[in-house]
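# Coordinate analysis (summary)
Listed here are the chains, written in short residue letters.
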Amino acid sequence: MEIISFVQGNRRRGPRIFSNFNFRRFDFNRKEKFHTLTYQPFEPGLKTFTPQKVKNFVNVKSIFRMIGNAVTVFFDFLRNNVKTVVFSFVAAIFSAAILFFVLKIVEYKINFTNPLELESESFDIENLNKLMESFALEGVLNVDESGNLLDSDNSSDIAKHFTEPVTFKNYTVRSGDTISGIAKKFGLTNISSLISVNDIGNVRQLAAGQKLKIPSIDGVIYTVKNGDSLNSIVSKYGVSLENLVDVNELSSEILQKGQQLFIPGVGLDKQTLQNAMGDMFKMPISAKFRWSSPYGSRIDPIAGVKSFHTGVDMACPTGTPIYASMSGKVITAGINRVYGNYVIIDHGNGYQTLYAHMSKIIATKGQWVSQGTRIGLVGSTGYSTGPHLHFTVYKNGKLVNPMSVLK
């Protein structure tokens, strides 16, 4: 109380509780048989206190000192317990690896398809095939694999024109036009001529109002490269030197790099033609997937009998994006007992593709989609026990092995 009164500036002296009491020390006399207590008076002295500023012990120096002490203690601990620390670290890595693989196995079991099993009802596999066939539209393809028109009657008159210079006409594409129809209209026998002259990347993307150059005879454009000569070009394409000179009205045998020549009577190579006609489809799944069922004959997982699988199955987690394998028009988007949520795209030239078992349909009926457009998400709707995409390709109403057109 004396201290408190002083600090607070209170001059009144509080009661001296210990003023009349003497503290005595106890001394033990070891010489006597029985210890006796003697009292020595203790006189407390009055001390004077002056207020002082409290020192701040937290500063930059003290912080660095604490950090340094902590680091020293940590490294001392590591040095003294190096074996324990290494063992604990390895054990933690090993445990994390085991947990990772266990989770991957669980994810695989959950997200990938398993063999289908019938429970109470039988299922006619032939009905499945018929249902699949009913999805395909009867397309008409008027060219063969080399691009030749199937119903052309001008082949006998072509060769005589190879002695005349090639000429070009302009044509504006109309609604309903096809590449084969335009070729036939102008007396050509191979669609390669129109594709090459106009540098058409995809014949299915021809649009009304588009301008085309129509050559007077069949042939392709060739751009001269370094080292080319007339003889090398003639040898490469198997045409006569006279026809090449006459068609291009060449006055010199010297060719310039970048010069364009019209090679009469030849078509595009198969790979280039397939790409231009859209016969090469891209994978409808770009994420990681597993081929769970191939195209063709197999022991059906539903009925346990030999059957024909109409497409390929790509097993992957639910929600994986599904993309249009080729540009075209969505002709059907709905739900079916067998295929669940499905989308069918007509790509023209007799091609249709089916995408089945979707968890969600994104495309809409009548929508035009480009190659790579997202049309839905992988799921397990319909007759399925696990998330996967069933992908089927039809050409002129006939099944096609998807692996023959996918790239």
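We now turn to the structure provided with this report.

Before going further, it helps to spend a moment on the nonpolar core. Of all hydrophobic cores here, the largest spans 24 residues; its most connected members are Ile322, Ile345, Tyr355, Ile375, Leu389 and Phe391. Going through the elements one at a time, strand 10 (312-315), strand 13 (340-348), strand 14 (351-361), strand 16 (374-378) and strand 17 (388-395) are the ones with two or more residues in this core. Here Leu389 is in contact with Pro284, Ile285, Val312, Asp313, Met314, Ile322, Tyr355, Ala356 and Val378, once residues within four sequence places are set aside. In this structure, Tyr171, Ile191, Ile195 and Ile200 belong to the second largest nonpolar core, which totals 19 residues.

The tally for this structure, following the rule as stated, stands at 8 aromatic pairs. For the ring pair Phe289 and Trp291, a centre distance of 4.9 Å and an interplane angle of 85° mean the geometry is edge-to-face. In this structure Trp291 comes out as partly exposed when scored by relative accessible area, which is 39%. Seen from the ring of Phe168, Lys213 lies directly overhead, with NZ or CZ sitting 4.8 Å from the centre.

For strand 16, the buried fraction is high: 4 of the 5 residues fall into the buried class. Examined bridge by bridge, strand 11 (residues 321-323) and strand 16 share 3 bridges and lie antiparallel to one another. Bridging from a neighbouring strand, Pro321 pairs with Leu377 of strand 16.

Basis of the calculations
The written sequence of each chain sets the order in which its residues are numbered from 1. Totals for whole chains, interfaces and linings use all residues, but because this is a predicted model, local features are given only for residues with pLDDT of at least 70 and pairs of side-chain atoms are given and counted only at 80 or more. The side-chain values count all of the structure's non-hydrogen atoms but skip hydrogen atoms and water molecules. Residues belong to one nonpolar core when they are buried, are Ala, Val, Leu, Ile, Met, Phe, Trp, Tyr or Cys, and are joined through side-chain atoms within 4.5 Å. Each residue gets one of three labels from its accessible area relative to the maximum for its type: buried under 20%, exposed over 50%, partly exposed in between, using a 1.4 Å probe on protein chains only. Segments assigned H or I by DSSP are reported as helices when at least four residues long, segments assigned E as strands when at least two residues long, and all are numbered from the N terminus. In this analysis, two residues are considered to be in contact whenever any of their non-hydrogen atoms come within 4.5 Å of each other. Think of it this way: a Phe, Tyr or Trp ring, Trp meaning its six-membered ring, pairs with another when their centres are within 6.5 Å, and the plane angle makes it stacked under 30 degrees, edge-to-face over 60, tilted otherwise. Remark: a charge is flagged as sitting over a ring if the NZ atom of Lys or the CZ atom of Arg is within 6 Å of the ring centre and within 35 degrees of the ring normal. Think of it this way: DSSP has to see at least two bridges between two strands before they count as a pair.

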